[in-house]
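# Descriptive analysis of the structure
One-letter residues, chain by chain:
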Amino acid sequence: MAEYETILVEQRGAATLVTLNRPQALNALNGQVLDELLHAMAAFDKDASQGCAVLTGSAKAFAAGADIKEMQAQGFADMYGHDFFAGWDRFTRTRKPIIAAVAGYALGGGCEVAMMCDFILAADTAKFGQPEVKLAVSPGMGGSQRLAHAVGKAKAMEMCLTGRMMDAAEAERAGLVSRIVPADDLIDEAVKTAQTIAGMAPLAVLANKEMVNAAFEMSLSHGVQFERRLFHGLFGTEDQSEGMAAFVEKRAGVWSGR
Ligand code: CAA
């Protein structure tokens, strides 16, 4: 496995655990983190032994944002000219599912990366926020859009305009996180959930992820049609025959991934 400086990558059965590892900067996301994460996620996507990833940080911070010290001296020409942050779009194109396991601060880019994942499991210590306005800027990695989709306009607008943080309970009520677990159990629970997903037929997992994501890009009627076509397509797989035979024969399915 590749050697990284700012992330740790570990395989636990069919689940890949990726841990952001810049404790001195509360896992602030700089260019090196992005490059290493993109490399690790591309390797994960290609590795047939791996079915789902977990992205996590430390107990204190999932990530406290994009690296302010890296951005501080940049001007418009640098940012616009290099399309700063555009690389994160590649992270969102990871085809297999990624669960964000968030403890502590998920602020600015940290909150945005958590929202780029397929769902968020939160420790009871998690805190979410988009405080960029306090730095006289704004979210730049999709936060204004994904937060508005996740929690609606009222909360998204208040958070972006004031920088107020949401705790885990509020985030769960608002629909930002799928569920809350005690901080000490976060990694085990996230890895167990990832292993459950990794135990499903791989093509069905890809199709389910793709169709739920389509709900955020398409009209309802197009989204429903897209879903139905993918559903039809799954009837061309060996695993559909196996899955339904296994149900009828009251046994566990054995997947070929075809
Ligand atoms: N970038 C760079 N360094 C950061 C950082 C960030 N986003 N967040 C924390 N750090 C660094 C601090 O500078 C500090 O480093 P030094 O020890 O060298 O001074 C170290 O991490 C520890 O941080 P604190 O001493 O501040 O820790 P704390 O416990 O007192 O406070 C905190 C924690 C409330 C999260 C505070 O660190 C904080 O407010 N961080 C910035 C949050 C923020 O504004 N995030 C948005 C960034 S902009 C962005 O993300 C743009 C975008 O849309 C992508």
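A few points on the structure.

Rules behind the numbers
Residues numbered from 1 in each chain as written. Predicted model: local features only at pLDDT ≥ 70, side-chain atom pairs only at ≥ 80, totals over all residues. Heavy atoms only, no water. Helix = DSSP H or I, 4+ residues; strand = E, 2+ residues; numbered from the N terminus. Rg over C-alpha atoms; globule rule 2.2 N^0.38 Å. Buried < 20%, exposed > 50% of the residue type's maximum accessible area, 1.4 Å probe, protein only. Areas by Shrake-Rupley, 256 points an atom, 1.4 Å probe, with all protein chains shown as cover. Near = heavy atom within 4 Å. Polar contact = N/O pair within 3.5 Å; in protein donor to acceptor, adjacent residues only side chain to side chain. Contact = heavy atoms within 4.5 Å.

## A look at the overall build of the protein chain
- Looking only at helices and strands, one finds 12 helices and 10 strands in the protein chain.
- Relative to a compact globule of 258 residues, whose C-alpha radius of gyration would be 18 Å, the protein chain shows 19 Å and is just as compact.
- Across the 258 residues that make up the protein chain, the buried fraction comes to 42%.
- Roughly 13800 Å² of accessible area belongs to the protein chain as shown, and the carbon and sulfur atoms make up 57% of that amount.

## Observations concerning the site of the ligand
- Taken together, 25 residues lie near the ligand, and Lys60, Gly109, Glu112, Glu132 and Gly140 sit nearest.
- Between the ligand and the protein, one listed contact pairs an oxygen atom with a backbone N or O atom of Gly109 at 2.8 Å.
- One of the backbone nitrogen or oxygen atoms of Gly140 is found 2.8 Å away from an oxygen atom of the ligand.
- Its free accessible area being 990 Å², the ligand has 65% of it covered by the protein chains.
- Taken together, the elements giving at least two residues each to the shell around the ligand come down to α2 (68–71), β6 (105–107) and α5 (109–116).
- In terms of residues, the shell around the ligand owes the most to one element, α2, which gives three residues.

## Quick notes on the environment of Thr125
- Tracing the backbone shows Thr125 in the loop between β7 (119–123) and β8 (127–129).
- In this structure Thr125 comes out as partly exposed when scored by relative accessible area, which is 34%.
- In sequence terms Thr125 and Asp167 are 42 residues apart; their C-alpha atoms lie 7.4 Å from each other.
- Among all residues touching Thr125, those that are not within four sequence positions of it are Ala59, Ala103, Gly104 and Ala183.
- Within the structure, the side chain of Thr125 is placed 3.3 Å from the backbone nitrogen of Gly104, a separation counted as a polar contact.

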